[in-house]
Amino acid sequence: MKKILFMVSSMNIGGVEKSLISLLSTIPKDKYEITVLTLEKKGGFLEYIPSWVKVEEANWFNEIKPIIMQPPQETIKKYFDNKYYVKIPGFIASYLIAKRFDNRHMYYKNILKSIPHNSEKYDVAIAYAGPTEIIDTYIAHKVKAEKKIGWIHFDISKHCVNRKLYSELYKRFDKIFAVSEESKIKLNEQIKGIEEKSEVFLNIVSKDIIKEMAKEEVHFDNNFKGIKIVTVGRLSKEKGQDLGIKTLKRLKTDGYDVKWYCVGDGNSKSEYKNLIKKYGLEEDFILLGSKTNPYPYMKNADIYVQTSRHEGYCLTLAEAKCLNKPIITTNFTGACEQIIDNKTGFIVRCNEEEIYTKIKRLIDNRSYMRKFEENLTNIKLDRTSEVNKLYNYIGN
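Note that residues are indexed from 1 along each chain, following the sequence as it is written. Local features in this predicted model are restricted to residues of pLDDT 70 or higher, and side-chain atom pairs are both shown and tallied only at a pLDDT of 80 or more, whereas totals for entire chains, interfaces and linings draw on every residue. Water and hydrogen atoms were dropped before computing side-chain values, which therefore reflect all heavy atoms in the structure.

Caption draft 1: How the structure looks around the pairing of strand β9 (residues 258-263). Buried residues are those whose accessible area, probed at 1.4 Å on protein chains only, stays under 20% of the maximum for their type, while exposed residues exceed 50% and partly exposed ones sit between those limits. What counts as a helix is a DSSP run of H or I of at least four residues, what counts as a strand is a run of E of at least two, and both are numbered from the N terminus. Most of β9 sits inside the fold, with six of its six residues counted as buried. Residues Val 258, Trp 260 and Cys 262 line one face of β9 and the alternating positions Lys 259, Tyr 261 and Val 263 line the opposite face, and both faces are buried. Bridge count for strand β8 (residues 227-232) against β9 is six bridges, and the pairing is parallel. Residue pairing for β9: Thr 231 is matched across the bridge by Cys 262. By convention a crossover is right-handed if, when the strands point away from the viewer, the path from the first strand over the helix to the second runs clockwise. Chirality of the crossover, the property in question, places the unit of β8, helix α10 (residues 241-253) and β9 among those that are right-handed. Strand pairing is assigned whenever DSSP identifies at least 2 bridges connecting the two strands. Relative to strand β10 (residues 285-289), β9 runs parallel, the two sharing four bridges. Along β10, the bridge assignment pairs Trp 260 with Phe 285.

Caption draft 2: The sheet that holds β9, seen in detail. Taken in spatial order, the six strands line up as β10-β9-β8-β11-β12-β13 in an open sheet, and their pairing is parallel. Two strands lie at the open edges of the sheet, namely β10 and β13 (346-348), each paired on one side alone. Between one strand axis and the next, the sheet turns by 20 degrees as a mean value, whatever way the strands run. Working rule for contacts: check all heavy atoms of both residues, and any pair within 4.5 Å makes them a contact. Between N-to-C directions, angles span 0 to 180 degrees; the directions come from axes that are lines fitted to C-alpha atoms, helices contributing only their stretch in contact. The strands touched by α10 are β9 and β10; relative to β9, the strand with the most contacts, the crossing angle is about 170 degrees.

Caption draft 3: Structural view of a nonpolar patch on the surface. Residues enter patches when their relative accessible area tops 30% and they take part in no salt bridge; the joining distance is 9 Å for like charges and 5 Å for the nonpolar side chains Val, Leu, Ile, Met, Phe, Trp and Tyr. Note on areas: these come from Shrake-Rupley sampling with a 1.4 Å probe, and a residue is covered only by the protein chains present in the view. Salt bridge, as applied in this entry: a Lys or Arg side-chain nitrogen positioned within 4 Å of an Asp or Glu carboxyl oxygen. On the surface, Ile 97, Phe 101 and Met 106 cluster together into a nonpolar patch covering about 280 Å² of accessible area. Looking at where Phe 101 falls in the secondary structure, it is placed in helix α4 (residues 87-101). Residue Phe 101 is classed as partly exposed on the basis of its relative accessible area, which comes to 47%.

Caption draft 4: Up close: unusual backbone geometry. Cis geometry is adopted by the peptide bond preceding Pro 131, which originates at Gly 130 and carries an omega value of -5 degrees. Locating Pro 131 in the fold gives a position in the loop between β4 (121-130) and α6 (133-142). Positive phi values are uncommon outside glycine, yet Lys 83 reaches one of about 65 degrees. In this fold, Lys 83 is placed in the loop between α3 (72-81) and α4. For Asp 102, which is not a glycine, the phi torsion comes out positive at approximately 50 degrees. Summarising the element assignment, Asp 102 is placed in the loop between α4 and α5 (105-111).

Next comes the structure, spelled out in structure tokens:
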């Protein structure tokens, strides 16, 4: 039986974690022994990990988390206060070298120096939440495995990765999976010398499972008879919900009976609440919070809008397609691989003007909605067979 390690930050409700759940659900338990190692064992998706999968927490992370999160001066002070004098020279040297040469490889190796190697030996170790510097470095240097895989879920050109760090780390990886063709291209442009290792591995999507989960009954403003717009994603600048708030203000000013609902939570929640209040949209732009099952809300939407400034693939867009929703999406990495403009949805530039114009077009001309719905109905969307790429690579 092959032993596989997946490593992630946590199991918080998000696209990366959801894609891992979908992937794990397709792996047969009689052929593979799976461990999910989390930096922090928390999150709404923990309960959705199959019961036969072992879930562990990296207990060492509590030791190094402050070092990663706080200014270096604080780390030096704490070393001094705790009389860890021997650690100070190495830390200062690695930090200054990283800063001077823009190469964080030695810095992270120094941080992990006191962390013991993982006691297990795996057939495959996967840094699943890539690019995440501490996870990728840990898999590269502290885990024993016959094969090591990196997994890229984002547009690496927009993620501010340290190229020299990853050039070093990926020498220790045997395969790098990217979640879209465009994200693979961006990866190869940013990190040289890995073209032979990189391959597209689309996020696992099952139309049948999503449609079944969408049948769950939820209270979703059932008395409102106007147009319901839904967006799903972490509340953050990169997901662009602020564009939705500004767009809705224009729609309301023009007299459209519209409400916009956001499923998700995140660091920008308070900022978005203030923006909603500024535009007087407290009753119209609704933050629903995180939902482990967002599909009933997507199913009951009239229009699904993805406002992201950048993505690697965008799983929620694929899920909206499964539910045959009229879709408007910004033109981030991978959008053109999912939507055919003017046939299965509208692809727009990332600004409120274009989002506003296309929403108006859908509302004013319902034939567009019907066309998109019909075209999406005829698309076969089931990517569970993607897992064969992993099996073939593992060699089982």
